[in-house]
Amino acid sequence: MYGNRDQIRTQFVDAWQKAQAGEALSDLEQQLVDVISDHPEYHNYLKDRETALTGEFPPELGTSNPFLHMAMHLSLRDQARTDRPAGTRQLHQGLCARFGVMDAEHRMMECLGQILWEAQRSNAAPDENAYLECIKRLATR
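Residues numbered from 1 in each chain as written. Predicted model: local features only at pLDDT ≥ 70, side-chain atom pairs only at ≥ 80, totals over all residues. Heavy atoms only, no water.

Structural notes on the pattern of salt bridges
- Across all of its chains, the model carries 10 salt bridges by this definition.
- When the shortest N-O distance is used, the salt bridge between R77 and D38 registers 3.2 Å. With R77 in helix α5 (residues 66–82) and D38 in the loop between α2 (27–37) and α3 (43–47), this pair connects stretches of sequence that are 39 residues apart.
- Between R77 and E105 there is a salt bridge; the shortest N-O distance is 3.0 Å. Pair noted here: R77 is in helix α5 and E105 is in helix α7 (residues 101–122), with a separation of 28 residues, a long-range link. The burial state of R77 is the same as that of E105; both residues are buried.
- Within the structure, one salt-bridge network assembled from shared partners comprises R5, D6 and E56. (Salt bridge = Lys/Arg side-chain N within 4 Å of Asp/Glu carboxyl O. Helix = DSSP H or I, 4+ residues; strand = E, 2+ residues; numbered from the N terminus. Buried < 20%, exposed > 50% of the residue type's maximum accessible area, 1.4 Å probe, protein only.)

Written out as structure tokens, the structure reads:
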């Protein structure tokens, strides 16, 4: 899942519309639909392409960007599937067993968001060790 904001949002909209129409989905589209299905609160954003492409979700207004949120789920699942960084799969599985997939991933998003923010702020690669330590701390809460 690569591209600019509109391309990424279009992938979500197209996958959801294909699924709603009962059309065959690619592997990536199925992954998108799985995440979308887990978030019924975002379904309205995907009904209208124009709304999906132009919607703004400024954090200062207390709004959550549904596309960023769902993309983070995809990132976490990809990290677990590929075990990158090493150890992520086991941590993801353990947290999912303890909290359920959605709650575990929502907790892990806090770590992912923090590490990405710090990397962007310092203009450096994300600190994988700090990321894994953050996820490990989730298991003790």
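We are not done yet, so read on.
Focus on the side chain of H69
- Mapped onto the elements of the fold, H69 is located in helix α5.
- Overall, H69 belongs to the buried group, its relative accessible area being 14%.
- A distance of 3.0 Å separates the side chain of H69 from the side chain of H39, its partner in a polar contact.
- Setting aside anything within four residues of it in sequence, one finds H69 in contact with H39, Y42, S64, H106 and M109. (Polar contact = N/O pair within 3.5 Å; in protein donor to acceptor, adjacent residues only side chain to side chain. Contact = heavy atoms within 4.5 Å.)

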